[in-house]
Each structure stands twice: as structure tokens, then as C-alpha cells.
Amino acid sequence: MKSISLIQFLIEERRAGHINAELSLLIEVVARACKRIAVATNKGALGGVLGEAGTGNIQGEAQKKLDVISNEILLEANAWGGQLAACASEEMEDPQPIPDMYPKGHHLLLFDPLDGSSNIDVNISVGTIFSILRCPDGVTEPKAEHFLQPGTTQLAAGYVVYGPATVMVLTFGHGTHEFTLDREVGSFILSRRDILIPEETAEFAINMSNQRHWEAPMQRYIGELLAGKDGPRAKDFNMRWVASMVADVHRIITRGGVFFYPLDAKIKSKGGKLRLMYEANPMAFIIEQAGGAATTGRERIMGLQPTGLHQRVPVFLGSKKEVEVATHYHVAADAAV
Ligand code: AHG
């Protein structure tokens, strides 16, 4: 079978009118940066990249050395090409402008440079997540407010998993596609086109240690899955939790399943655990384009009007039927009070 490189795929997407030249260049640059992150990640202890950076991010979380390195790689790669108006990163409080000496483009790039970074030191898959928006017309110095666009306006979203293989999953709103890095050649090669997530599943992903803090509808839903064949769902369910969203989502993209990071009493004041702009929106776009669903447990994630660059939300995503059941339990419980 003739292999199709990411570059060839991007040219075809341009010809189909799905993307313009600037967005195509932007994806190429992000892919190149992610190859560098893959190299840094693969070096592990030999590259001196493991352990704490000794700094904290805007969320007050301790940064790993690889969080900082990955953030710098993405910023540096994207500064000079003329494809961006500004970047925003989970690791930085404010958007990063494009330096004055470089031309500016029409796109806004948001990224979580190294998702699941608590897994780096134990050699478990981590990843990069990104989302691309159009810079509002007439805005030459984008501020945080210009990034606050609903997920439905995303032009592209993707993630890269640095696992046994380095894999990029991408959508421009015309299906979800997977590319695998051929390390010898140095290119991402199309490995799955138009991915479809099975509507039904018997596999769920959640951090069960938070169970006692969940809201009642979540307790009910997971309780029913755990009851298996003998419970109201009359079916046994299996559970997986990698604690790297990229790896959990990639499993769902590959064989179906559902992922939950619900609201719980410990994180209620923050609105959730995962970030709307860097994690929930891009993953929701990818999952919906693969035939799945993504909600906060109450409403569609991509329909939310963001209120802050670092806003957090509950996340339910994956196989459509299960997301619908869990969401229905929350909506019905709200309606009953
Ligand atoms: P981070 O980007 O700070 O490493 O966060 C990881 C996220 C996500 O990837 C994962 O699903 C979740 O946090 C894991 O959270 P718990 O440690 O609470 O299970």
C-alpha cells in the first residue's frame, strides 16, 4: 500500500478546500515541534530531562523539566513562520505574542505542551494537545479575550501521544485521522483515515479514588457499571485509567470506551480538573469528528462560551451511547430538584 505522509495529506486537504496554506504550514510546524518533543521524551534519564523543574505554572502545579522544555520547543518553533497571531499555553498565565521582528498570521494556537506529565518519570505515555482558532479580524495584538471562542469555532485540533509509537491524531472538521511517526524517515505517515468510535462500549476510564467526592448522578452511573451483569445495565464493564488524557483518549479512538473527569467536592470551586481551552475543547472536537460525544455531564463541551483562558470543566467523552446515559443522569437529577 502506498504510504501518505502528513505533508501530502495537508496538500490534499488544501486542494479539497478544507484548509488554507497558512493553516497547513501551522500544522507542519506543530508536527515538527512534536517530533522534537518526542526525541526529548524518548531520551528519558539519559537526556537529563526527568524530574521537577523547580517552578510552578499558572495553575499552581509543580512543573516537570519536560513540561518546560516542551513549552519552549512549541513557542520557539511557532514564533517566526508568519502563521500565527499569538500562542497560549497551559503553562503560561498570558498569551505569548509573536515577536515584532517576525510577520504575523491569522491564527491563534493553544496547547498543553506535555499532558500527563506526572507519568514522565515512570515511563508511561504522555502527549501534546493543541487547538487552533482564527484570530478575530482587525486584531493585531491578541489578548486573552480574543482566545475565548467556543469550541465549535476551532479550525483544527490534534494531539500527539509519545508512547511505544509516536502518534498524531488530527481533525479539521472533516473526520478524525491518525498519523504514525516513522522514526527512520522522520515523517508522520497516515495510519488511519476517518476513524469511527463504536457507539457502544463496555470499557470506562475514571479515577475511582475520587468516588466518595462525586455528585449523586455520577455515583449512580458508575455504581451501575460496577454492578455488571447482575445490575441494571445487565453487562460487565472493564476499567482503565492511565492518568494521561492523551493515552486514555487514544484507547477510545482505537477501540471505543468512555472517559470521565467529573466534578467532585474537592475541585468544585475550580469548576473541574481539566482545562477547557487546552484539553476539553480539542479532545471534544476530535471525538465528535470520530462519531463520539463530549459533554460536561450537562451540556455539549464545544457549545460552552469560555470565560477564562485557564477555565476548568468536567469532561465526559467517548462512545456516544455511554456519554448520553451518564449525561442524562445528571440532567435528570438537576431537573428533579
Ligand atoms: P497534567 O497535564 O497536569 O499532567 O494533567 C493530567 C491530566 C490528564 O491528562 C489526566 O487524565 C488527569 O490529569 C489525571 O488526573 P488524576 O491524577 O487526578 O487522575
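Everything discussed here concerns the structure shown above.
Residues numbered from 1 in each chain as written. Predicted model: local features only at pLDDT ≥ 70, side-chain atom pairs only at ≥ 80, totals over all residues. Heavy atoms only, no water.

**A few points about the site of the ligand**
Point 1. Close to the ligand lie 15 residues; Asp115, Ser117, Asn207, Met245 and Tyr261 are nearest.
Point 2. Taken by itself the ligand offers 470 Å² of open surface, and the protein chains cover 84% of this.
Point 3. When residues of the shell around the ligand are traced back to their parent elements, those giving at least two are strand 5 (107-115) and strand 13 (258-261).
Point 4. Of the residues contributing to the shell around the ligand, the split by class is six nonpolar, four polar and five charged.
Point 5. Counting contributing residues per domain, the shell around the ligand is built from domain 1 (6-192) and domain 2 (203-336), each supplying no fewer than three. (Near = heavy atom within 4 Å. Areas by Shrake-Rupley, 256 points an atom, 1.4 Å probe, with all protein chains shown as cover. Helix = DSSP H or I, 4+ residues; strand = E, 2+ residues; numbered from the N terminus. Nonpolar A, V, L, I, M, F, W, Y, C, P; charged D, E, K, R; others polar. Domains from an automatic or database assignment.)

**So, the sheet that holds strand 13**
Point 1. Pairing within the open sheet is mixed, and its five strands lie in the order 12-11-13-17-15. Where the open sheet ends on each side, the last strands, each with one partner, are strand 12 (238-239) and strand 15 (293-295).
Point 2. As paired strands, strand 13 and strand 17 (residues 315-318) are joined by four bridges and run antiparallel to one another. Considered in strand 17, the bridge of Phe260 is made with Phe316.
Point 3. Relative to the sheet, helix 5 (residues 216-227) contacts strand 11 (203-205), strand 13 and strand 17, its axis offset from that of strand 13 by approximately 145°.
Point 4. With respect to the sheet, helix 6 (residues 245-255) is in contact with strand 11, strand 13 and strand 17, its orientation differing from that of strand 17 by roughly 35°. (Pairing = 2+ DSSP bridges. Contact = heavy atoms within 4.5 Å. Axes fitted to C-alpha atoms, helices over the stretch in contact; angles between N-to-C directions.)

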